[in-house]
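Listed here are the chains, written in short residue letters.
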Amino acid sequence: MNIPIFELERVQSLFENTVDYNLTESGFHPYTLNELLDKQQIDTLTNTVLGYGQTNGSIPLRKRISALYNGANEENVLVTNGSSEANFIACHTLLEKGDEVVMMVPNYMQIWGIAEEMGCIPKAFQLLEENNWKPDLEQLKKLVTSKTKMIALCNPNNPTGYTLTKEEMKEIITIAKSVDAWVYCDEVYRGAALDGNVRQSFMGMYDKVMVNGGLSKAYALPGLRLGWLVGPEKIIADTWAYHDYTSITAGIMSHYIGEIALQPAKRLEILNRNRTMLNENLKAVKEWLNQYGDLFEYTAPQSGGMLFIKYNLEINSTELAEWLRKEKSVFILAGDCYGMDYHFRIGIGERKDYILAGLERIKQALKERFDI
Ligand SMILES: Cc1ncc(COP(=O)(O)O)c(C=O)c1O
């Protein structure tokens, strides 16, 4: 096998369904169909003809998606199975063996792994922890070369929740233009800002921009497996050619439900529900962490359903996560998955009671092993 193991996804896939408290989720507590749809919509859904549908995405759904981006129309959109398929297709469309990819880290490491598998050369530029996770754009400037084909971003960022300012976005575009590189931004957490302001997309800032999006995170609908790519019309046509090889199409029922979730009023309702949860949970989790004084250090996220925490204990992060899972059946994501030991990630988009019950297990464990 010529592809590196995607540790972050693998470890979650192995254990997330085997524990009492899974605190590794980065999205929000998912909707049921009954919560999301009214009776008439459920009736329409159950009468859906289970065909393939339009394989690059139904026109009404692509129209709804394109409405989220300035200057885009349905020809700028490819509908995919989750934003993970969007990432896979984007890399295969834009990159070739030997290309350099300069990627923001810490990050969801899917693109790093795909780049390695394709024989590209991934390089990292840092979000600086000591600077509240602001990006080191001087480092980015130094890293790009004439071989840089793509600057790969995740904004809002997984795992830090850092959200780029407009100035930082503009500067990144300037750097990309200086070497004629693509800017590819994973924007799956767009819409999940704690202050409720949906941030600007990179789409439209330069002619070599492609972004992804999807319903798994900010919209709390991961089970639909609905994602998308948005980019220049000609390249989106090329991505469709790859999509024919990967999965042909996203499911027809997901198309229908996705179109409802993205109706302007429904979309706002969903984003508001999630933002309220996020703010309440963040407050509760901060209180829990702060009771330990200097033990935990963190910068609160601006967006997204997770908190990335540094801990001051002499135990490796994978060991910490495994011990908590085995001893207390509570699952956190080790910083090692991001190449950052002495950190862990917990989800803060779940139901508050569930998160607090999981944290209570961690409290017991810390008392038993470290007497704190
Ligand atoms: C940054 C980022 N991109 C993509 C994905 C994949 O999500 P999905 O395929 O469910 O849209 C995830 C999942 O955690 C993620 O955090």
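Residues numbered from 1 in each chain as written. Predicted model: local features only at pLDDT ≥ 70, side-chain atom pairs only at ≥ 80, totals over all residues. Heavy atoms only, no water.

In the vicinity of the ligand there are 15 residues, among which Ser83, Ser84, Asp186, Ser216 and Arg225 approach most closely. Between the ligand and Tyr189 there is a distance of 2.8 Å, counted from an oxygen atom to a side-chain nitrogen or oxygen. Take Ser216: an N or O atom from its side chain is 2.7 Å from an oxygen atom of the ligand. Summarising the interface, the protein chains cover 94% of the accessible area of the ligand, which totals 400 Å² for the free molecule. (Near = heavy atom within 4 Å. Polar contact = N/O pair within 3.5 Å; in protein donor to acceptor, adjacent residues only side chain to side chain. Areas by Shrake-Rupley, 256 points an atom, 1.4 Å probe, with all protein chains shown as cover.)

Quick look at the domain arrangement of the protein now. According to the domain assignment, the protein contains domain 1 (7-31 + 267-370) and domain 2 (50-263). Of note, the centres of domain 1 and domain 2, computed from C-alpha atoms alone, are 25 Å apart. Contacts between the two partners involve 32 residues from domain 1, matched on the other side by 33 residues from domain 2. Approximately 2700 Å² of surface area, both sides summed, lies buried where domain 1 meets domain 2, with 58% of it carried by carbon and sulfur atoms. (Domains from an automatic or database assignment. Contact = heavy atoms within 4.5 Å. Buried area = accessible area lost by both parts, 1.4 Å probe.)

Among the secondary structure elements, Met169 is positioned in helix α8 (residues 166-178). Taking relative accessible area as the criterion, Met169 reaches 2% and is therefore assigned buried. Dropping the residues within four chain positions of it, Met169 is found in contact with Leu164, Gln200, Ser201, Phe202 and Met205. (Helix = DSSP H or I, 4+ residues; strand = E, 2+ residues; numbered from the N terminus. Buried < 20%, exposed > 50% of the residue type's maximum accessible area, 1.4 Å probe, protein only.)

Looking now at the pattern of salt bridges. Applying the stated criterion across every chain, the model contains 17 salt bridges. With a closest N to O distance of 3.1 Å, Glu100 and Lys123 form a salt bridge. Of this pair, Glu100 sits in strand β3 (residues 100-105) while Lys123 is found in strand β4 (residues 121-128), placing the two residues 23 residues apart along the sequence. Residue classification places Glu100 among the buried positions, given a relative accessible area of 10%. (Salt bridge = Lys/Arg side-chain N within 4 Å of Asp/Glu carboxyl O.)

The end-to-end C-alpha distance of helix α13 (residues 352-370) is 26 Å, a good match for the 27 Å that 19 residues give at a rise of 1.5 Å each. Considered for burial, the residues of α13 that qualify are Tyr354, Ile355, Gly358, Leu359, Ile362, Ala365 and Leu366. The arc that holds the buried residues of α13, viewed along the axis, is 130°, so those residues lie on one side. Those residues of α13 that are exposed and angled more than 90 degrees off the buried face are Asp353 and Glu368. Two residues or fewer past α13, Asp371 is found with a positive phi of approximately 55°. (Expected span 1.5 Å × (residues − 1). Arc of directions from axis to C-beta.)

Now for the pairing of β4. Here β3 pairs with β4 via 6 bridges, running parallel. Bridge assignment links Glu100 to a residue of β4, and that residue is Ile121. Note that the unit made of β3, helix α6 (residues 110-117) and β4 has a crossover that is right-handed. Judged from the 2 bridges that link them, β4 and strand β5 (residues 134-135) form a sheet pairing that is antiparallel. Following the sheet pairing, Leu127 is matched in β5 by Pro135. The hairpin formed by β4 and β5 contains 5 residues between the paired strands, and Asn132 there has a positive phi angle of roughly 55°. (Pairing = 2+ DSSP bridges. Right-handed = clockwise from strand over helix to strand, strands pointing away.)

Turning to the sheet that holds strand β10 (residues 296-298), a few remarks are in order. Read from one edge to the other, the open sheet built from 4 strands follows the order β10-β11-β14-β13, with strand pairing classed as antiparallel. Each edge of the open sheet carries a strand with a single partner, namely β10 and β13 (333-334). Sheet analysis places strand β11 (residues 306-311) next to strand β14 (residues 343-347), joined by 5 bridges and oriented antiparallel. Bridging across to β14, Lys310 finds its partner in His343. Strands β10, β11 and β14 of the sheet are contacted by helix α11 (residues 264-290), whose axis makes an angle of about 140° with β10. (Axes fitted to C-alpha atoms, helices over the stretch in contact; angles between N-to-C directions.)

In spatial order, the strands read β2-β9-β8-β7-β6-β3-β4-β5; together these 8 strands make up an open sheet with mixed pairing. At either end of the open sheet lies a strand with only one pairing partner, and these are β2 (77-81) and β5. Taken together, the 4 bridges between strand β7 (residues 182-186) and strand β8 (residues 209-214) define a ladder with parallel strand orientation. Of the residues in β8, the one forming a bridge with Val183 is Val209.

A few words now on the nonpolar core. If you look at the biggest cluster of nonpolar residues, it comprises 94 residues, and the most contacted ones within it are Phe202 and Phe296. Top contributing element to this core by residue count: α11, with 7 residues. Mapped onto the domain boundaries, this core takes at least three residues apiece from domain 1 (7-31 + 267-370) and domain 2 (50-263). When near neighbours in sequence (up to four residues on either side) are disregarded, Phe202 contacts Leu153, Asn155, Leu164, Met169, Ile172, Ile173, Val183, Cys185, Glu187, Val209 and Val211. Ranked by size, the runner-up nonpolar core spans 24 residues in total, among them Ile89, Ile111, Cys120 and Trp182. (Core = buried A, V, L, I, M, F, W, Y, C linked by side-chain atoms within 4.5 Å.)

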